[in-house]
Amino acid sequence: MDINTRQQDKPSFMRALTFALRGIVYVFHTEANMKRHFWLFNLLALIELILRPPADTVAISIFIATCVFAAELFNTAIELAVDAAVNFEYSRIAGLAKDAASGAVAMVCFGSLFAAVYILVHSTPWRFRLFSNVHPLSVVILDVAIVIVWALRFWPMSKHPK
Ligand SMILES: Nc1ncnc2c1ncn2[C@@H]1O[C@H](COP(=O)(O)OP(=O)(O)OP(=O)(O)O)[C@@H](O)[C@H]1O
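Residues numbered from 1 in each chain as written. Predicted model: local features only at pLDDT ≥ 70, side-chain atom pairs only at ≥ 80, totals over all residues. Heavy atoms only, no water.

(A) Looking closely at the site of the ligand. The ligand sits among E31, N33, N75, E79, V86, E89, Y90, S91, G95, K98, D99 and S102. Between the ligand and D99, the relevant distance is 2.5 Å, taken from an oxygen atom to a side-chain nitrogen or oxygen of the residue. Computed on the free molecule, the ligand has an accessible area of 630 Å², of which 60% lies beneath the protein chains in the complex. Sorting the residues of the shell around the ligand by element identifies α3 (55–86) and α4 (92–122) as the ones contributing at least two each. Per-element tally for the shell around the ligand: the top contributor is α4, with 4 residues. Its residues assigned to classes, the shell around the ligand shows 2 nonpolar, 5 polar and 5 charged. (Near = heavy atom within 4 Å. Polar contact = N/O pair within 3.5 Å; in protein donor to acceptor, adjacent residues only side chain to side chain. Areas by Shrake-Rupley, 256 points an atom, 1.4 Å probe, with all protein chains shown as cover. Helix = DSSP H or I, 4+ residues; strand = E, 2+ residues; numbered from the N terminus. Nonpolar A, V, L, I, M, F, W, Y, C, P; charged D, E, K, R; others polar.)

See the structure below:
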């Protein structure tokens, strides 16, 4: 079956968005590393809600977190494509392709550690600001990001067409 047949009644932007969301939800449900990234994102959000850095720092940290999610999505896409291409047979090149894809995720995670250290240093002196009204825009950004990421993580996984 043509993969576009099922959703041709929707406008192309909505169709593309539906496919993208389906891919994200699939990876959140199936990849152990993506679930780890999800909990690390929650830890980051909680620390930022407590230390309350300025909104520009929060926005950049959320962007970096989405880069980690995106890297894991690319990694999974490459793994699936490689498995489909070699039909789960052993292939040295297939193995190398998967190693390189995992390396990309490791690189982004490594880079994000520097950002985490920067945020922690930048937020000194550390004060417990969870219930304060310091930097209210930071709270708005974090709340919106948390709601979106939780929705993507726990959205029910749809069945893929064969
Ligand atoms: N078809 C294959 N041929 C040769 N080596 C492979 C093949 N499939 C996987 N490998 C090797 O096993 C490793 C793990 O592959 P696997 O598909 O299990 O990924 P994974 O454990 O889900 O990785 P990740 O933790 O990055 O999601 C690869 O990095 C590669 O070195």
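There is more to say, and it comes next.
(B) Representation of the packing of aromatic side chains within the structure. Scanning all chains against the criterion turns up 10 aromatic pairs. Look at W150 and F154: their rings are 5.2 Å apart centre to centre, the planes differ by 40°, and that puts the pair in the tilted class. In this pair, W150 and F154 both sit in helix α5 (residues 136–154), 4 residues apart, roughly one turn of the helix. Taking the relative accessible area as the measure of exposure, W150 reaches 35% and is therefore partly exposed. When its relative accessible area of 43% is taken as the criterion, F154 is described as partly exposed. Ring-pair connections join several aromatic residues into one group, and the members of that group are F28, F38, W39, F41, F69, W150 and F154. Of note, R153 hangs over the ring of F38, and the distance from its end group to the ring centre comes to 5.9 Å. (Phe/Tyr/Trp six-rings, centres within 6.5 Å; stacked < 30°, edge-to-face > 60°. Buried < 20%, exposed > 50% of the residue type's maximum accessible area, 1.4 Å probe, protein only. Lys NZ or Arg CZ within 6 Å of the ring centre and 35° of its normal.)

(C) Region of the structure containing unusual backbone geometry. Cis peptide bonds are those with omega within 30 degrees of zero, and the linkage from T124 to P125 qualifies with -5°. Of note in the backbone geometry, R52 takes a positive phi value of approximately 55° without being a glycine. Note on placement: R52 falls in the loop between α2 (32–51) and α3. Backbone geometry places F88, a non-glycine residue, at a positive phi of 65°.

(D) Local environment of the confidence of the model for the protein. Residue-level pLDDT values for the protein average 93, and 92% of them are 70 or greater. Element-level pLDDT for the protein is lowest in helix α1 (residues 12–30), with a mean of 95, against a maximum mean of 98 in α5. (pLDDT = per-residue confidence, 0-100.)

(E) Region of interest: α1. For α1, spanning 19 residues, the distance from its first C-alpha to its last is 27 Å, which sits close to the expected 27 Å at 1.5 Å a residue. Where α1 is concerned, the buried positions are R15, R22, V25, V27 and F28. Its buried side turned inward, α1 meets α2, α3 and α5. (Expected span 1.5 Å × (residues − 1). Contact = heavy atoms within 4.5 Å.)

(F) Inspection of the nonpolar core at higher detail. F28, F41, I62, F69, L142 and V149 are the most contacted members of the largest nonpolar core, which has 16 residues in total. Every element with two or more residues in this core is listed here: α1, α2, α3 and α5. Not counting residues up to four positions away in its chain, the partners in contact with F69 are F28, M34, H37, F38, F41 and V149. (Core = buried A, V, L, I, M, F, W, Y, C linked by side-chain atoms within 4.5 Å.)

(G) Spatial organisation of the packing of α2 against α4. Across the interface, α2 lies against α4 with an axial gap of 12 Å and an inter-helix angle of 10°. By the angle between their directions, the pair α2 and α4 is classed as roughly parallel. Contacts from H37, I47, E48 and L51 in α2 reach V105, C109, I119 and L120 in α4. Here the residues of the contact of α2 with α4 are counted per class, giving 6 nonpolar, 1 polar and 1 charged. (Axes fitted to C-alpha atoms, helices over the stretch in contact; angles between N-to-C directions. Parallel < 35°, antiparallel > 145°, perpendicular 65-115°, else oblique.)

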